[in-house]
Amino acid sequence: MQLVVGAVLVDDLVLPSKVLAARRASPPALTGRWEFPGGKVEHGETPQGALRREIREELSVDVQLGTELVGPDDGCWPISERLTMRLWFARVVGVPRPEAAHDEVRWLTRAELEDVPWLPADVAVAQRLHDFLTG
């Protein structure tokens, strides 16, 4: 099972009111769908180290990591038969700019979470965020 890490990028780690979503620009099967940015953990990396690396590569920002958003599958969020995901709340340090993997980023309030077509693996995460976002 390959571990994928993702960031629930929020405007505030204590009282979050918005979350950042990123729209996929590639590969073609995922184009136009929205996700919580992140990627695969490489050999020798810690999950948190991989998450920081992925966010720098995908959005050109650093992050301040918060608590983990524990998933329903032994703490993980299922993606596929071969992929499982762990997610952390994180606050952006800088202004996010979409790089090659994404063509747009958007801050969403709790009321807007259902306004974008999420990747299938991120639908349950977006639904769970209703419990965490204020406003």
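Numbers given to residues run from 1 along each chain, matching the order in which its sequence is written. Where totals are concerned, whole chains, interfaces and linings use all residues; where local detail is concerned, this predicted model gives features only for residues with pLDDT of at least 70, and gives and counts side-chain atom pairs only at 80 or more. Working from all heavy atoms in the structure, the side-chain values ignore hydrogens and water.

(A) Representation of helix α1 (residues 47–59) within the structure. Under the scheme used here, helices are H or I runs from DSSP no shorter than 4 residues and strands are E runs no shorter than 2 residues, and both carry numbers assigned from the N terminus. How far a helix is expected to stretch is found by multiplying one less than its residue total by 1.5 Å. Spanning 13 residues, α1 covers 18 Å between terminal C-alpha atoms, matching the ideal 18 Å at 1.5 Å per step. Only protein chains enter the accessibility calculation, which uses a 1.4 Å probe; a residue is then buried when its area is under 20% of its type maximum, exposed when over 50%, and partly exposed in between. By the burial criterion, the buried members of α1 are P47, A50, L51, R53, E54, I55, E58 and L59. Taken from the residues just after α1, S60 is the one with a positive phi, measuring 60°.

(B) Main features of the packing of aromatic side chains. What counts as a ring pair is set by centres within 6.5 Å for rings of Phe, Tyr and Trp (its six-membered ring), and what kind of pair is set by the plane angle: stacked under 30 degrees, edge-to-face over 60, tilted for all other angles. Under the counting rule described, the total for this entry stands at 2 aromatic pairs. Between F89 and F132 the ring centres are 5.2 Å apart and the planes differ by 55°, which places this aromatic pair in the tilted class. Remark: F132 occurs in the segment after α2 (120–128) and F89 occurs in strand β7 (residues 83–93); sequence separation between them is 43 residues. Classification of F132 by relative accessible area gives partly exposed; the value is 32%.

(C) Quick peek at the side chain of D122. For D122, the position within the fold is in helix α2. Here Asp and Glu are counted as negative and Lys and Arg as positive; His is not counted, and neither are the chain ends. Throughout this description, the term salt bridge denotes a Lys or Arg side-chain nitrogen within 4 Å of a carboxyl oxygen of Asp or Glu. Buried and unpaired, D122 has no salt bridge, with R24 as the nearest side chain of opposite charge at 8.4 Å. Ignoring anything within four residues of it in the chain, the contact list for D122 reads W34, E35, F36 and M85. Residues count as neighbours in contact if any of their non-hydrogen atoms are within 4.5 Å of one another.

(D) Representation of the nonpolar core in the model. For our purposes a nonpolar core is just a set of buried Ala, Val, Leu, Ile, Met, Phe, Trp, Tyr and Cys residues, chained together by side-chain atoms within 4.5 Å. Of all hydrophobic cores here, the largest spans 21 residues; its most connected members are V8, V19, F36 and W118. For this core, the elements supplying multiple residues, two or more each, are β1 (2–10), β2 (18–24), β7 and α2. Here this core takes 4 residues from β7, the largest share from any one element. Beyond its immediate chain neighbours, meaning those up to four positions away, V19 contacts V8, L9, V10, F36, R106, W107, L108, L113, L129 and L133. Of all hydrophobic cores here, the second largest spans 15 residues; its members include L9, A50, V63 and A90.

(E) Here's a closer look at α2. Those residues of α2 not exposed but buried are A121, D122, V125 and A126. Each buried residue of α2 sits inside an arc of 125° when the element is viewed along its axis, so together they form one side. Among the exposed residues of α2, those pointing more than 90 degrees away from its buried face are P120 and Q127. In this structure, the buried side of α2 is in contact with β1, β3 (34–35), β5 (62–69), β6 (77–78) and β7. Here, the arc refers to the directions that run from the helix axis to the C-beta atoms.

(F) Region of the structure containing the pattern of salt bridges. Inspection of every chain in the model, using the stated rule, returns 10 salt bridges. For R53, the salt bridge identified is with E57, shortest N-O distance 3.4 Å. Of the two residues, R53 and E57 are both situated in helix α1; the distance of 4 residues between them amounts to about one turn of the helix. When its relative accessible area of 14% is taken as the criterion, R53 is described as buried. Residue E57 is classed as partly exposed on the basis of its relative accessible area of 47%.

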